[in-house]
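Structural overview for review
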Amino acid sequence: MRGRYWDSNLADPFDAIHAGSWTVSGSAQYFIYPYGTVDMATNMGPVVTVRDGRSGGPTNWDNRYAAKPWVITCSSTYGFQINLDASASFAFYFWCHRH
């Protein structure tokens, strides 16, 4: 297995897996995550989960928050894009594997 799993700043075009997390502050409806400073040799397959900042945070277990839809709208050798149904800060956690 080849790859630097947690450091997209040093990404190699032939890395097999990327993994990590990112926080988007403010009021955003989308975010584009680039794999690094160079494009990957082939398209990667992102597997992502999102925690919406309006929910009260990761330790607010008993909230009555109604989740909003989100989706990965683009995936290429450059990176991937996440779109949310409403503007909010959010965090996402991901891993991407080579196709």
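As the structure is a computational prediction, the values presented were derived from the model and not from experiment.

With respect to the nonpolar core
- Residues Val48, Val50, Phe80, Phe90, Phe92 and Phe94 are the most contacted members of the largest nonpolar core, which totals 16 residues.
- Mapped by element, the contributors of at least two residues to this core are β1 (17-34), β2 (44-52) and β4 (79-98).
- Ranked by residue count, the leading element in this core is β4, at seven residues.
- For Val48, the contacting residues outside a window of four places in its chain are Trp70, Ile72, Phe80, Ile82, Phe92, Tyr93 and Phe94.

A look at a nonpolar patch on the surface
- A contiguous nonpolar patch, built from Tyr30, Ile32 and Tyr78 and spanning about 310 Å² of accessible area, is present on the exposed surface.
- Judged by its relative accessible area of 38%, Ile32 is partly exposed.

Considerations on the packing of aromatic side chains
- Inspection of every chain in the model, using the stated rule, returns 11 aromatic pairs.
- Aromatic pair Phe31 and Phe92: ring centres 5.6 Å apart, planes at 45 degrees, arrangement tilted. A residue pair is termed long-range when its members are at least 10 positions apart, and Phe31 in strand β1 and Phe92 in strand β4 qualify at 61 residues. Like Phe92, Phe31 is buried.
- Both rings, one in Phe90 and one in Phe92, keep their centres 6.3 Å apart while their planes meet at 35 degrees; by these two values the pair is tilted.
- Look at Phe92 and you get buried, because its relative accessible area is 0%.

Things to note about the environment of Tyr65
- Summarising the element assignment, Tyr65 is placed in the loop between β2 and β3 (70-75).
- The spatial distance from the C-alpha of Tyr65 to the C-alpha of Asp52 is 9.9 Å, given a sequence separation of 13 residues.
- Those residues in contact with Tyr65 that sit more than four places away from it in its chain are Asp52, Arg54 and Ser55.

Describing the side chain of Gln81
- Mapped onto the secondary structure, Gln81 falls in strand β4.
- Setting aside residues up to four positions removed in sequence, Gln81 forms contacts with Tyr30, Phe31, Ile32, Val71, Ile72, Thr73 and Cys74.

Details of the pairing of β3
- Note that β3 and β4 share five bridges and pair antiparallel. Following the sheet pairing, Ser75 is matched in β4 by Phe80.
- The turn linking β3 back onto β4 is made up of three residues.

Calculation criteria
- Residues numbered from 1 in each chain as written.
- Predicted model: local features only at pLDDT ≥ 70, side-chain atom pairs only at ≥ 80, totals over all residues.
- Heavy atoms only, no water.
- Core = buried A, V, L, I, M, F, W, Y, C linked by side-chain atoms within 4.5 Å.
- Buried < 20%, exposed > 50% of the residue type's maximum accessible area, 1.4 Å probe, protein only.
- Helix = DSSP H or I, 4+ residues; strand = E, 2+ residues; numbered from the N terminus.
- Contact = heavy atoms within 4.5 Å.
- Patch = residues over 30% accessible without salt bridge, like charges linked within 9 Å, V, L, I, M, F, W, Y side chains within 5 Å.
- Areas by Shrake-Rupley, 256 points an atom, 1.4 Å probe, with all protein chains shown as cover.
- Salt bridge = Lys/Arg side-chain N within 4 Å of Asp/Glu carboxyl O.
- Phe/Tyr/Trp six-rings, centres within 6.5 Å; stacked < 30°, edge-to-face > 60°.
- Pairing = 2+ DSSP bridges.

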